[in-house]
Amino acid sequence: EHLLKCILFLDSVANYEVSPDEKRKETGEEIIKRFFNSKSPDYVPEIPDAQMEECTLNFEKNPSKEVFCSCISLLHEFLRGSPFREYQENMYFDRFLQWRSLERQAVTKDTFRQYRVLGKGGFGEVCACQVRATGKMYACKKLEKKRIKKRKGESMALNEKQ
């Protein structure tokens, strides 16, 4: 659960950094109240109090995008340690590596299982298909070269591919 608080903090700071100027002060105050207050249920004890105070003072002086950078780097340093080692020993890390290796495989016609036709157009048809390895569903557009050449649609097909 304490790692979830770290993730919530990192997400909140990412949201703060992209928030418009008129909302940034309000968003920053919410972060300070929610994550830097020891009585708050989302308090992040992994960031030292001195660092929290420094971030708070810098925020009050100038609520810039970079105010929480030092807190983020300390939190990343913490997460690189024992939490990451625990994750590497966990079965979810093995699943993640399997998933990444599947994603890196080259895409061929055998990668997909074809299903029904979803629609037809001037140059071909669109079919529902499923990636065999992951089960993810996609729409696959099949173009017939003869039709494209007959109707002089080469540039359109190349533009669509890009």
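Taking an unreviewed UniProt entry as the reference, the protein chain is identified by name as G protein-coupled receptor kinase belonging to Staurois parvus. The record in UniProt for the protein chain states the following under Sequence similarities (unreviewed entry): "Belongs to the protein kinase superfamily. AGC Ser/Thr protein kinase family. GPRK subfamily."

Visitor: When you look at the overall build of the protein chain in this model, what are you seeing that I'm missing?
Guide: Each helix and strand counted, the protein chain has eight helices and three strands in total. When the helices and strands of the protein chain are placed in sequence order, the string is α-α-α-α-α-α-β-β-β-α-α. Here the C-alpha radius of gyration of the protein chain, 25 Å, is well above what a compact globule of 162 residues would show, namely 15 Å. Residue burial in the protein chain is summarised as follows: out of 162 residues, 28% are buried. Contacts in the protein chain between residues far apart in sequence, at least 24 positions, make up 42% of those at least 6 positions apart. Accessible area of the protein chain: about 12,000 Å², with a carbon and sulfur share of 53%. Measuring between centres, the 30 positive side-chain charges of the protein chain sit 17 Å from its 25 negative side-chain charges.

Visitor: Would you explain the side chain of T56 in this entry?
Guide: By the secondary structure assignment, T56 is in helix α3 (residues 49-61). The exposure class of T56 is buried, given its relative accessible area of 19%. Here T56 is in contact with I32 and F36, once residues within four sequence places are set aside.

Visitor: Would you mind going over unusual backbone geometry with me for this structure?
Guide: Where the residue is not glycine, phi is negative for most of them; where a peptide bond is considered, it is trans in most cases. With a phi angle near 55 degrees, K152 is a residue other than glycine that sits in the positive phi range. Mapped onto the elements of the fold, K152 is located in the loop between α7 (145-150) and α8 (154-161). According to the relative accessible area criterion, K152 is exposed, its value standing at 69%.

Visitor: Before we go on, may I ask you to explain the confidence of the model for the protein chain in this structure?
Guide: Detailed reading of the predicted coordinates is not advisable wherever pLDDT is low. Per-residue confidence for the protein chain gives a mean pLDDT of 89, with 99% of residues at or over 70. Mean pLDDT values for the elements of the protein chain range from 84 in α8 up to 93 in strand β1 (residues 112-120).

Visitor: Just checking my understanding: could you explain the sheet that holds β1 for this structure?
Guide: Two pairing modes exist for strands in a sheet, parallel and antiparallel, and in both the strands are linked by backbone hydrogen bonds. Pairing in this open sheet of three strands is antiparallel, and the strands run β1-β2-β3 from one edge to the other. The two strands at the open ends of the sheet, each matched to only one other strand, are β1 and β3 (137-143). In this sheet, neighbouring strand axes are inclined to one another by 35 degrees on average, regardless of whether the strands run parallel or antiparallel. Here strand β2 (residues 124-131) pairs with β3 via seven bridges, running antiparallel. Bridged to E125 within β3 is K142.

Visitor: Looking at this model, I keep getting lost on the packing of helix α2 (residues 21-35) against α3. Mind explaining?
Guide: Running from amino to carboxyl end, α2 crosses α3 at an angle of 160 degrees, the nearest separation of the two axes being 11 Å. In terms of their interaxial angle, α2 and α3 are classed as roughly antiparallel. Crossing of α2 against α3: the hand is left-handed. Contacts from R24, K25, G28, E29, I32 and F35 of α2 reach α3 at M52, T56 and F59. Here the residues of the contact of α2 with α3 are counted per class, giving four nonpolar, two polar and three charged.

Visitor: Help me out: how do you make sense of a nonpolar patch on the surface in this one?
Guide: There is a patch of nonpolar side chains on the surface, built from F84, Y87, M91, Y92, F96 and L97 and spanning about 590 Å² of accessible area. Looking at the nonpolar patch, the elements that each hand over two or more residues are α5 (82-89) and α6 (91-104). One can find M91 in helix α6. For M91, a relative accessible area of 46% gives the class partly exposed.

Definitions and cut-offs
- Residues numbered from 1 in each chain as written.
- Predicted model: local features only at pLDDT ≥ 70, side-chain atom pairs only at ≥ 80, totals over all residues.
- Heavy atoms only, no water.
- UniProt positions renumbered as here; feature names shortened; annotations may be inferred.
- Helix = DSSP H or I, 4+ residues; strand = E, 2+ residues; numbered from the N terminus.
- Rg over C-alpha atoms; globule rule 2.2 N^0.38 Å.
- Buried < 20%, exposed > 50% of the residue type's maximum accessible area, 1.4 Å probe, protein only.
- Contact = heavy atoms within 4.5 Å.
- Areas by Shrake-Rupley, 256 points an atom, 1.4 Å probe, with all protein chains shown as cover.
- Lys, Arg positive; Asp, Glu negative; His and termini not counted.
- Charge placed at Lys NZ, Arg CZ, Asp CG, Glu CD.
- pLDDT = per-residue confidence, 0-100.
- Pairing = 2+ DSSP bridges.
- Axes fitted to C-alpha atoms, helices over the stretch in contact; angles between N-to-C directions.
- Parallel < 35°, antiparallel > 145°, perpendicular 65-115°, else oblique.
- Left-handed = near helix turned anticlockwise from the far one by under 90°.
- Nonpolar A, V, L, I, M, F, W, Y, C, P; charged D, E, K, R; others polar.
- Patch = residues over 30% accessible without salt bridge, like charges linked within 9 Å, V, L, I, M, F, W, Y side chains within 5 Å.
- Salt bridge = Lys/Arg side-chain N within 4 Å of Asp/Glu carboxyl O.

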